[in-house]
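Spelled out, the chains give:
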Amino acid sequence: MTTTFDALVIGGGPAGLQATLSLARVHRTVLHVDSGVYRNAAERHVHNLIGHDGQAPDALRAAARGDIADYDTVTSRSARVETLTGGAGEFVATLDDGSIHRARHVVLATGVRDELPAIDGLAALWGRGVAHCPFCHGNELAGGAAGVIGTVPGHLLHLAGFFTRISRTFDAFSRGSDLDAETLALLRAYGATVHEAAVERVTPDGDGVLVHLAGAAPVRLDGVFVAPTIHQAAPFAEQLGLEVSPLGSILVDAVGRTSVPGVYAAGDAAHHRELPMAMATVANAIGAGSMAGSVCVADLMAAERATLRPAAG
């Protein structure tokens, strides 16, 4: 007889690991599937997480997997889910080895894929001098030379507001786009050096980065920030017909429920409906995973209670 798990958790990052642990702690049967592909694979350290600031991401994941291994209601698979169909009560997942598994509810912690600006050399330096989050990487540039290769004026100003308090110098690259007078005035008020020439490429320079400009000398920085465009790393939002935000994230309510009953989302893949954007930090992912796992349990219990009520009459 085929086993139907209480929950299928897809994703081996902080959100998926925490959701699995929360379900396991109350003895729910869980199939946890981890593809081994992580958004922060290029990173060497986790930051802005109490008790683990500076720890290697793979060490954090290994510790979490060790915690989960203590619970015999969890079945862990190193695999990739190819398709996900069905609805609340019986979702059906097909893995890349052809095996088929069923679960009453699903927690999606599948993360996102970053699409970097089309600048030669950026991808090779991603996580090695090129980053996107000042909370995660800003402090490491304290007293040094930081910069932002912008996509829109608001992005340039947003990063300038951070680094006026962190770095010794800050350079803003508008990539050949003309900046309006107000943006220019604000950037200069922040103390930024503004470059309006097109960015041709970036290259490594020791522990830093060289930003090469059209018709101008390259600029040497200790680190540079960009704003990637995000895409869902897995096809399940489309396969299940989940509502997504204009920015490409799965829309969830305050407790992680998606637009489809029995499906929850947490971590970088999810976007709280009342927030302007997805809040992509490890700490937020852990909290969202805990919430999604807990609410999944509550909804499972509600469904179970409905079957226990005596028939009317």
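Below is a summary of the structure that appears in this document. Position numbers for residues count from 1 along each chain, tracking the sequence in the order it is written. With the structure being a predicted model, the display of local features is reserved for residues of pLDDT at least 70 and the display and counting of side-chain atom pairs for 80 or more, all residues being used for whole-chain, interface and lining totals. For the side-chain quantities, the full set of heavy atoms in the structure was used; hydrogens and water were omitted.

**Section: the overall build of the protein**
Part 1 of the argument: Labels follow the DSSP assignment, with helices taken as runs of H or I lasting at least four residues and strands as runs of E lasting at least two, numbered in each case from the N terminus. Helices and strands together make up the secondary structure of the protein, namely seven helices and 19 strands.
Part 2 of the argument: Each principal axis of the C-alpha distribution contributes one length, and for the protein these read about 80 × 40 × 35 Å.
Part 3 of the argument: Relative accessibility under 20% of the residue-type maximum defines a buried residue, over 50% an exposed one, and the middle range a partly exposed one, all with a 1.4 Å probe and only protein chains included. Among the 313 residues that make up the protein, the fraction classed as buried is 47%.
Part 4 of the argument: Residue contacts are defined here by distance: any two heavy atoms, one from each residue, within 4.5 Å place the two residues in contact. Considering only contacts within the protein whose residues lie at least 6 apart along the sequence, 56% involve residues at least 24 apart.
Part 5 of the argument: Note on areas: these come from Shrake-Rupley sampling with a 1.4 Å probe, and a residue is covered only by the protein chains present in the view. Carbon and sulfur atoms form 53% of the exposed surface of the protein, whose accessible area is close to 15,000 Å².

**What about the packing of helix α1 (residues 14-25) against helix α2 (residues 57-68)?**
Part 1 of the argument: Comment: axis = line fitted to C-alpha atoms, over the contacting stretch for helices; angle = value between 0 and 180 degrees taken between N-to-C directions. At a minimum axis separation of 10 Å, α1 and α2 run at an interaxial angle of 15°. As judged from the angle between their axes, α1 and α2 are roughly parallel. In this structure, α1 crosses over α2, and the sense of that crossing is left-handed. From α1, L17, T20 and L21 reach across to α2, where they touch R61, A64, R65 and I68. Any angle between 65 and 115 degrees counts as roughly perpendicular, while under 35 counts as roughly parallel, over 145 as roughly antiparallel, and the rest as oblique. Each crossing gets its hand from how the near helix is turned against the far one by less than a right angle, where anticlockwise is left-handed and clockwise is right-handed.

**Here we look at α2**
Part 1 of the argument: By this rule, a helix spans an expected 1.5 Å times one less than how many residues it contains. Its twelve residues give α2 an end-to-end C-alpha distance of 17 Å, which sits within 8% of 16 Å, the value for a rise of 1.5 Å per residue.
Part 2 of the argument: Check the buried side of α2 and you find it contacts α1, β3 (74-78) and α7 (282-308).

**Comments concerning the sheet that holds strand β8 (residues 130-131)**
Part 1 of the argument: DSSP bridges decide pairing: two strands pair if at least two such bridges lie between them. Spatial strand order, β8-β15-β9-β10-β11: five strands in an open sheet with parallel pairing. Each edge of the sheet is formed by a strand with only one pairing partner; in this case those strands are β8 and β11 (193-195).
Part 2 of the argument: Sheet topology places strand β9 (residues 145-149) next to strand β15 (residues 223-225); three bridges connect them, and they run parallel. Within the sheet, the bridge partner assigned to A146 lies in β15 and is G223.

**Section: the sheet that holds strand β12 (residues 199-205)**
Part 1 of the argument: The three strands lie next to each other as β12-β13-β14, forming an open sheet whose pairing is antiparallel. Every interior strand has two partners, whereas the edge strands, β12 and β14 (216-221), have only one. Here the average twist between neighbouring strands, direction ignored, is 20°.
Part 2 of the argument: In this sheet, strand β13 (residues 208-213) lies alongside β12 in antiparallel orientation, the contact comprising six bridges. Bridging from a neighbouring strand, V199 pairs with L213 of β13.

**Digging into unusual backbone geometry**
Part 1 of the argument: Here H27, not a glycine, exhibits a phi torsion of approximately 65°, which is positive.
Part 2 of the argument: By secondary structure assignment, the location of H27 is in the loop between α1 and β2 (30-34).
Part 3 of the argument: Overall, the relative accessible area of 61% leaves H27 in the exposed class.
Part 4 of the argument: The phi dihedral of N48 is positive, around 65°, even though this residue is not glycine.
Part 5 of the argument: With respect to the helices and strands, N48 occurs in the loop between β2 and α2.

**With respect to the side chain of H47**
Part 1 of the argument: One can find H47 in the loop between β2 and α2.
Part 2 of the argument: Whenever two N or O atoms come within 3.5 Å, that pair is a polar contact, provided that in protein one can donate a hydrogen and the other can accept it, and provided that, for residues adjacent in sequence, both atoms are side-chain atoms. Of note is the side chain of H47, whose polar atom sits 3.2 Å from the side chain of D53.
Part 3 of the argument: Ignoring sequence-local partners within four residues, the contact set of H47 consists of D53, G54, C136 and E140.

**Considering the environment of T4**
Part 1 of the argument: Within the secondary structure, T4 is located in strand β1 (residues 4-10).
Part 2 of the argument: Of the residues examined, T4 reaches a relative accessible area of 37% and is grouped as partly exposed.
Part 3 of the argument: Between the alpha carbons of T4 and L31 there is a distance of 9.4 Å; along the sequence they are 27 residues apart.
Part 4 of the argument: Once residues lying within four places of it in the same chain are set aside, the contact partners of T4 are T29, R102, A103 and R104.

**Overview of empty space enclosed by the protein**
In this approach a probe as big as a water molecule rolls over the atoms, and the regions it shows empty are the leftover space.
Part 1 of the argument: Cavities and pockets are found on a 1 Å grid laid over the protein atoms alone: a cavity is a set of points where a 1.4 Å probe fits but cannot escape, a pocket is an open set with protein on both sides within 12 Å along at least five of seven lines, and a lining residue has an atom within 4 Å of such a point. Grid points are joined across faces, edges and corners, and a volume is the space filled by probe spheres set on the points. Tallied over the full model, the rule gives one cavity of 30 Å³ or more.
Part 2 of the argument: Space inside the largest cavity adds up to approximately 30 Å³.
Part 3 of the argument: Lining the largest cavity are F5, L8, L31, L84, F91, V92, A93, H101, R102 and A103.
Part 4 of the argument: Among the elements of the structure, β1, β5 (90-95) and β6 (100-108) are those that each provide at least two residues to the lining of the largest cavity.
Part 5 of the argument: Charged means Asp, Glu, Lys or Arg here, nonpolar means Ala, Val, Leu, Ile, Met, Phe, Trp, Tyr, Cys or Pro, and polar covers whatever is left, Gly included. Considering only residue class, the lining of the largest cavity consists of eight nonpolar, one polar and one charged.

**Quick notes on the environment of A189**
Part 1 of the argument: Among the secondary structure elements, A189 is positioned in helix α5 (residues 181-189).
Part 2 of the argument: The exposure class assigned to A189 is exposed, which follows from its relative accessible area of 67%.

**Describing the environment of E82**
Part 1 of the argument: Relative to the elements of secondary structure, E82 occurs in strand β4 (residues 81-87).
Part 2 of the argument: Remark: the alpha-carbon pair of E82 and A234, spanning 152 residues in sequence, is separated by 8.7 Å.
Part 3 of the argument: Beyond its immediate sequence surroundings of up to four residues, E82 is in contact with T94, L95, D96, P235, F236 and Q239.
Part 4 of the argument: Here the side chain of E82 touches R80 through a polar contact of 2.6 Å, side chain to side chain.

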